[in-house]
Amino acid sequence: MDMKQIPARSGNHNLQNYQQTYKNFNWDEVKGNFTWSKTGKVNIAYETIDKHAEDPSKKNQAALIYTSPDREEKLTFEELKKKSNQFANVLKKNDIEKGDRVFLFMHRSPEFYAAFLGILKTGAIAGPLFEAFMEQAVRDRLEDSEAKMLVTTPELIDRVPVDDLPHLEKIILVGGDESGSHISFEKEMKNASEEFEIEWLDLEDGMLLHYTSGSTGKPKGVYHVHNAMLQHYQTGKWVLDLKDDDVYWCTADPGWVTGTSYGIFAPWLNGVTNVVRGGRFSPDDWYGTIADQDVSVWYSAPTAFRKLLSAGAETAKKHDLSSLRHVLSVGEPLNPEVIAWGLEAFDLRIHDTWWMTETGAMLICNYPTMEMRPGSMGQPLPGIEASIVDNEGNELPANQMGNLAIKEGWPSMMRAVWNNPGKYESYFVNGWYVSGDSAYKDEDGYFWFQGRLDDVINTSGERVGPFEVESKLIEHEAVAEAGVIGKPDPERGEIIKAFITLREGYQKSDELLEDIRQFVKKGLSAHAAPREIEITDTIPKTRSGKIMRRLLKSWELGLPTGDTSTLEE
Ligand code: 6R9
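Residues numbered from 1 in each chain as written. Predicted model: local features only at pLDDT ≥ 70, side-chain atom pairs only at ≥ 80, totals over all residues. Heavy atoms only, no water.

**Quick look at the confidence of the model for the chain**
Should the pLDDT be low somewhere, the predicted coordinates at that spot are not to be read in detail.
Thought 1: Within the chain, residue pLDDT values average 93, and 97% of them lie at 70 or more.
Thought 2: The ipTM assigned to the predicted complex is 1.00, against a pTM of 0.90. (pLDDT = per-residue confidence, 0-100.)

And the structure:
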C-alpha cells in the first residue's frame, strides 16, 4: 500500500465531498435532534440517558457495559436513568444546587457514571479527577473550584486534605463503611427515590470543569457548558461514524476530557452502547475486550497503539477482532508507522483526530469517507474554520509552520478559565483561538502537527518538530518509544537529543545507536538526526498518554520539574 495516501472507505454519515455539501453548514442545523428544540428545556443528562430510557425500543438496550478484571456489569438506559436520578436525589438532600461544583475522585465504575450524570441532573457542575492524583493535585483543584462536595472512595480519602478545604462541605464515599463519618453512597442510594425532576437549564449554563496542566503555573479549570452537546452529538456521527447498533469503546479515563466528551456524551447522545474498561493496560485484556464485547468502534490513543504494536502481531492474532469497523486516535500525533500497523493488524485505517480540553470536542479530523494522508491530523470539520497564523493573528500561506488557530465560536468551546479571566483572554488573538500547537497546512487543506510551540527545536537555524523525529525513530526495528527535545548548544542554538526505549531483544551498543542515527539521517535529513541518543527504561508520559518533553528537558538540564501531577506512574 502506498503510505502517502490511503483511500477513503465508506461511512454511515455521508461526508463525501463535505467541503461542497457542507459549505454553508451552520451548527444551528443540528439543534433539531434534541428534545429542547421542541420543549425549550435543556439538560445534557436528559439528552444522553433519559431520552433513550423513555423510548420503548431503546430503554432495555445496554447503555453501559462495565468490564474489569474483578467486576462485570451491564446497565440499560432505563437502569442508568434510575441510578442517576437516585444520585441526584442524594445531592439535593445534601443541599446541592445549580452551579455548585461537585467533584469526583475515583476509579471508573458504574457508580462513577451514575454519580456524574446525577450531578448534571441537579444543574451542578461536575469535576472529574484522575484517581492517581496525590494530595497536592487534589488540593489545587478543589481549592480553585471551591468544590462543595466530593465523591471518592476509602482508598483515596487520605489524599484529600479535608481540613484545609473550607468550601468542601461533604464527602460521599463509594464502597465505604456505612457507619463512618462521611456519607455512604450505598446507604443513601438505597433510600433514594428513582424519580427525579431534572433541573432544566439554559444552553449556556455550566456542566463541567476539567483541570488541565500547562507547562507553567498551576492547573487551570477549563469550564464547559451544556451547549457543547451540539458538537459532541454531531462529531459522534461524522467522525466516530456511530450508528444505532454499534458497540463503542473509548479507552480514556474521565479525568481526561476525552473520557467525558467521547467516553460519555458522544456515544450516549447517539444512543449507542458504551463499553468502559477498568483496571490496567495489558495487550491481552484490551484485545480481549474488543473480542468479548464485539466492539465495533474504538477510540484510543497513540501510546496504547504503540504498546500493542510492540506486543507483536502474534498477540493480536490470538483474538478475534473481526467486530471492529472503525478505529480512531487522539491525544498525540499519530505516527505513520502506527497507521501502517493498524492496516496490517486490523485491516483498518486508524483515524487521527485533533482537539484539546479547551476546545471541548473534535475540530480537525480524518473521516471514514476521506482520503487519509498518514502523519496528517486531517481537515477541519464542517462549520469549523482553522488556519495557521503568526503571533499577531495574521494567516500564513500554505506549507508555512506557525500557530494552529481556530476562528472563535464553535459550540463546544470553553466558556471560561475558572477564576482566571486573564488566562482565558490570552488564548484569543485577532478573532482566532490560538491553540499553542505548531502546525502547517498543505496546498490541499490537510493539517500537519509539528509539536507544542514550547517543544519546537531550533537547530542551526532550522525549525524541527519533535514529532517528525520521534516518528522516524520508532520506525527503526530496535526502537519502541521515543521522546525528542532540543538541548541548548553554543554553536547550533539547540541540538536534537532523543530518549528512546528499546524493543525486547535489543541490547544497548554504540553500533546500534549509530545505526539509529543514520536511519533518521537517511530517512529525514541530516539536521533532524539526533546528535545525542539516550536509552531509558521509560519515556515519561501524562495520564492521557502524552510524552512529557518538558520533563525530559528539565531532567536533561537539571532544572526544576514544575507541575507533574498528571505524570503517569
Ligand atoms: C483531546 C486532548 C491537547 C493537546 C493538543 C496537542 C495534543 C491532541 C492530537 C494532538 C497531535 C493529535 N494533541 N490530539 N497532537 N495530533 N491528533 O488531547 O486534549 O489533553 O487538552 O491535549 O494534545 O498538543 O494541544 P488535551
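There's more to say after this.
**Side note on the UniProt feature "domain: AMP-binding enzyme C-terminal" (unreviewed entry) in the chain**
Thought 1: As recorded in UniProt, the sites labelled "domain: AMP-binding enzyme C-terminal" (unreviewed entry) are residues 468-546.
Thought 2: As annotated, residues 468-546 has a helix share of 28% and a strand share of 32%, and its two end C-alpha atoms lie 15 Å apart. (UniProt positions renumbered as here; feature names shortened; annotations may be inferred. Helix = DSSP H or I, 4+ residues; strand = E, 2+ residues; numbered from the N terminus.)

**Observations regarding the site of the ligand**
Thought 1: Around the ligand, 17 residues are found, and the nearest of them are Asp352, Thr353, Thr357, Arg452 and Lys546.
Thought 2: At 3.4 Å, a backbone N or O of Glu332 approaches a nitrogen atom of the ligand.
Thought 3: Pro333 places a main-chain nitrogen or oxygen 3.4 Å from a nitrogen atom of the ligand.
Thought 4: Relative to its unbound accessible surface of 530 Å², the ligand loses 95% to contact with the protein.
Thought 5: No other element matches the 3 residues that strand S14 (residues 350-354) contributes to the shell around the ligand. (Near = heavy atom within 4 Å. Polar contact = N/O pair within 3.5 Å; in protein donor to acceptor, adjacent residues only side chain to side chain. Areas by Shrake-Rupley, 256 points an atom, 1.4 Å probe, with all protein chains shown as cover.)

**Brief notes about the pairing of strand S10 (residues 247-250)**
Looking down a regular strand, the side chains alternate between one sheet face and the other.
Thought 1: Side chains of S10 alternate between two faces, with Val247 and Trp249 and Tyr248 and Cys250 buried alike.
Thought 2: Sheet topology places S10 next to strand S11 (residues 273-277); 3 bridges connect them, and they run parallel. By the bridge assignment, Val247 is partnered in S11 with Thr273.
Thought 3: For the segment spanning S10, helix H9 (residues 257-269) and S11, crossover handedness is right-handed.
Thought 4: As paired elements, S10 and strand S12 (residues 297-300) share 3 bridges and run parallel to each other. (Buried < 20%, exposed > 50% of the residue type's maximum accessible area, 1.4 Å probe, protein only. Pairing = 2+ DSSP bridges. Right-handed = clockwise from strand over helix to strand, strands pointing away.)

**A word on the side chain of Thr48**
Thought 1: Within the secondary structure, Thr48 sits in helix H3 (residues 44-53).
Thought 2: From its side chain, Thr48 meets the backbone oxygen of Ala45 in a polar contact 3.0 Å long.
Thought 3: With residues near it in sequence (within four places) discarded, Thr48 still touches Phe77, Leu117, Phe265, Trp268 and Leu269. (Contact = heavy atoms within 4.5 Å.)

**Some thoughts on unusual backbone geometry**
Thought 1: Positive phi values are uncommon outside glycine, yet Glu146 reaches one of about 50°.
Thought 2: Secondary-structure assignment places Glu146 in the loop between helix H6 (135-145) and strand S5 (149-152).
Thought 3: We classify Glu146 as partly exposed; its relative accessible area is 36%.

**Overview of the environment of Ala88**
Thought 1: Here Ala88 lies in helix H4 (residues 77-93).
Thought 2: Owing to a relative accessible area of 0%, Ala88 belongs among the buried residues under this scheme.
Thought 3: Once the C-alpha coordinates of Ala88 and Arg277 are considered, the two residues, 189 residues apart in sequence, prove to be 25 Å apart.
Thought 4: Beyond its immediate stretch of four places on either side in the chain, Ala88 contacts Gly118, Lys121, Thr122 and Phe196.

**Considerations on the packing of aromatic side chains**
Thought 1: Throughout the structure, instances matching the rule amount to 29 aromatic pairs.
Thought 2: Seen in terms of ring centroids, Phe103 and Tyr211 are 6.3 Å apart; in terms of plane orientation they differ by 50°. Their pairing is tilted. Taken as a pair, Phe103 in strand S3 (residues 101-105) and Tyr211 in strand S8 (residues 206-212) lie far apart in primary sequence, 108 residues in all.
Thought 3: Under the relative-accessibility criterion, Phe103 is labelled buried at 0%.
Thought 4: The interplanar angle of 15° and the centroid separation of 5.9 Å between the aromatic rings of Trp249 and Trp298 together place this pair among those described as stacked. Highlighted residues: Trp249 in strand S10 and Trp298 in strand S12, separated in sequence by 49 residues. For the pair shown, Trp249 and Trp298 are each scored as buried.
Thought 5: Here the aromatic residues Trp249, Phe281, Trp286, Trp298, Phe305, Trp341 and Phe346 are joined through ring pairs into a cluster of three or more.
Thought 6: Sitting above the plane of the Phe133 ring, Arg141 keeps its charged end 4.2 Å from the centroid.
Thought 7: The ring of Phe281 has Lys307 lying over it, and the distance from NZ or CZ to the ring centre is 4.8 Å. (Phe/Tyr/Trp six-rings, centres within 6.5 Å; stacked < 30°, edge-to-face > 60°. Lys NZ or Arg CZ within 6 Å of the ring centre and 35° of its normal.)

**A closer look at the sheet that holds S14**
Within a sheet, each strand pairs with its neighbour through backbone hydrogen bonds, oriented either parallel or antiparallel.
Thought 1: Taken in spatial order, the 9 strands make up an open sheet running S2-S1-S11-S10-S12-S13-S14-S15-S16, and their pairing is mixed. Every other strand in the sheet has two partners, leaving strand S2 (71-76) and strand S16 (379-380) as the edge strands with one partner each.
Thought 2: Across the sheet, H9 lies against strand S1 (62-68), S10, S11 and S12, angled at about 170° from S10, the strand it touches most. (Axes fitted to C-alpha atoms, helices over the stretch in contact; angles between N-to-C directions.)

**Observations concerning H4**
Thought 1: Helix length check: H4 (17 residues) gives 24 Å between terminal C-alpha atoms against 24 Å at 1.5 Å per residue, within 8%.
Thought 2: Listed in full, the buried residues belonging to H4 are Phe77, Leu80, Ser84, Asn85, Gln86, Phe87, Ala88, Asn89, Val90 and Leu91.
Thought 3: One or two positions beyond H4, positive phi appears at Asp95, with a value near 70°. (Expected span 1.5 Å × (residues − 1).)

**Observations concerning the nonpolar core**
Thought 1: With 124 residues, the main nonpolar core has Trp268 and Tyr299 as its most contacted residues.
Thought 2: With 8 residues, helix H5 (residues 110-121) is the largest single contributor of residues to this core.
Thought 3: One finds Val275, Leu334, Ile457 and Ile533 within the second-largest nonpolar core, a separate group that totals 48 residues. (Core = buried A, V, L, I, M, F, W, Y, C linked by side-chain atoms within 4.5 Å.)

**Re the packing of H5 against H9**
Thought 1: Two elements in contact, H5 and H9, have axes whose closest approach is 13 Å; the angle formed by their N-to-C orientations is 75°. Between H5 and H9, the interaxial angle falls into the category roughly perpendicular. Packed against H5, whose contacting residues are Phe112, Tyr113, Phe116, Leu117 and Leu120, the element H9 presents Thr260, Gly263, Ile264, Phe265 and Trp268 at the interface. (Parallel < 35°, antiparallel > 145°, perpendicular 65-115°, else oblique.)

**Examining helix H13 (residues 336-345)**
Thought 1: Residues of H13 that are buried: Val338, Ile339, Trp341, Gly342 and Leu343.
Thought 2: Residues of H13 that are buried make contact with helix H10 (283-293), helix H11 (302-311), S14 and helix H15 (466-475).
Thought 3: Looking one or two residues past H13, Asp347 carries a phi angle of roughly 55°, positive in sign.

**Notes on empty space enclosed by the protein**
Thought 1: For the structure shown, the criterion picks out 4 cavities of 30 Å³ or more.
Thought 2: Considering only enclosed or pocket space, the largest cavity measures out at about 60 Å³ in volume.
Thought 3: Residue lining of the largest cavity: Arg306, Glu332, Pro333, Asn335, Phe467, Glu470, Ile474, Glu481, Ala482, Ile547 and Arg549, and that is the complete set.
Thought 4: Elements with a minimum of two residues in the lining of the largest cavity: H15 and strand S25 (479-489). (1 Å grid on protein atoms, 1.4 Å probe; cavity = no way out; pocket = protein on both sides within 12 Å on 5 of 7 lines; lining within 4 Å. Points joined across faces, edges and corners; volume = space filled by probe spheres on them.)

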